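Coordinate analysis (summary)
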Amino acid sequence: MRRQHLPLYAIALALLVVGALAVGVPARSLVFGLLVLACPLMMLFMHGGHGGHGGHEGHGQHQGQQTPAAHDGTDPRPR
């Protein structure tokens, strides 16, 4: 997600809320819906949309990082 698109998302959300209120959706229902969506929306914004870019190589390690050596001082990787 790019920050340049955030104002468009805010405008779209505002139009959705105003439209829902105009057709008679109770404000309490809108507030409840926004609270339900708060967790996934915050995850989307906080992670910056860094999901779904292919396989997760290294299971949590960034590419280019080496795996730590074993505690006994030997390197578990084959040479």
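These figures come from a predicted structure and were not determined experimentally.

Reading guide: rules and limits
- Residues numbered from 1 in each chain as written.
- Predicted model: local features only at pLDDT ≥ 70, side-chain atom pairs only at ≥ 80, totals over all residues.
- Heavy atoms only, no water.
- Helix = DSSP H or I, 4+ residues; strand = E, 2+ residues; numbered from the N terminus.
- Buried < 20%, exposed > 50% of the residue type's maximum accessible area, 1.4 Å probe, protein only.
- Areas by Shrake-Rupley, 256 points an atom, 1.4 Å probe, with all protein chains shown as cover.
- 1 Å grid on protein atoms, 1.4 Å probe; cavity = no way out; pocket = protein on both sides within 12 Å on 5 of 7 lines; lining within 4 Å.
- Points joined across faces, edges and corners; volume = space filled by probe spheres on them.
- Nonpolar A, V, L, I, M, F, W, Y, C, P; charged D, E, K, R; others polar.
- Patch = residues over 30% accessible without salt bridge, like charges linked within 9 Å, V, L, I, M, F, W, Y side chains within 5 Å.
- Salt bridge = Lys/Arg side-chain N within 4 Å of Asp/Glu carboxyl O.
- Expected span 1.5 Å × (residues − 1).
- Bend = angle between axes of the 7 residues up to and from the residue.
- Axes fitted to C-alpha atoms, helices over the stretch in contact; angles between N-to-C directions.
- Parallel < 35°, antiparallel > 145°, perpendicular 65-115°, else oblique.
- Left-handed = near helix turned anticlockwise from the far one by under 90°.
- Contact = heavy atoms within 4.5 Å.

**Thoughts on the overall build of the protein chain**
- For the protein chain, the helix and strand inventory stands at 2 helices and 0 strands.
- Counting the 79 residues in the protein chain, one finds 3% classified as buried.
- Roughly 7300 Å² of accessible area belongs to the protein chain as shown, and the carbon and sulfur atoms make up 65% of that amount.

**Here we look at the layout of surface pockets**
- Approximately 190 Å³ is the volume found for the second largest pocket.
- What lines the second largest pocket is a set of 10 residues, and nearest its centre among them are Tyr 9, Ala 10, Leu 13, Leu 41 and Phe 45.
- Of all the secondary-structure elements, those providing two or more residues to the lining of the second largest pocket are helix H1 (6-22) and helix H2 (27-46).
- Grouping the amino acids of the lining of the second largest pocket by side-chain chemistry returns 10 nonpolar, no polar and no charged.

**Thoughts on a nonpolar patch on the surface**
- On the surface, a cluster of nonpolar side chains totalling about 450 Å² of accessible area is made up of Tyr 9, Leu 37, Leu 41, Leu 44 and Phe 45.
- Here the nonpolar patch gets 4 residues from one element, more than from any other, and that element is H2.
- The exposure class assigned to Leu 41 is partly exposed, which follows from its relative accessible area of 37%.

**Focus: H2**
- End to end, H2 covers 27 Å across 20 residues, agreeing with the expected 28 Å (1.5 Å per residue, within 8%).
- The largest bend in H2 comes to about 45°, at Ala 38, with the proline Pro 40 one to four residues further on.
- The first or second residue beyond H2 is Gly 48, which carries a positive phi of 65°.

**Some words on the environment of Leu 30**
- The topology assignment puts Leu 30 in helix H2.
- Measuring from C-alpha to C-alpha, the distance between Leu 30 and Ala 20 comes to 8.1 Å, with 10 residues separating the pair along the chain.

**Describing the packing of H1 against H2**
- Contact geometry for H1 and H2: axes closest at 11 Å, N-to-C directions at 160°. Judged on the interaxial angle alone, H2 and H1 are roughly antiparallel. H2 is crossed by H1, and the crossing has right-handed handedness. Taking contact as the criterion, the partners of Leu 6, Leu 13, Val 17, Ala 20 and Leu 21 in H1 are, on H2, Ala 27, Leu 30, Leu 34 and Phe 45.

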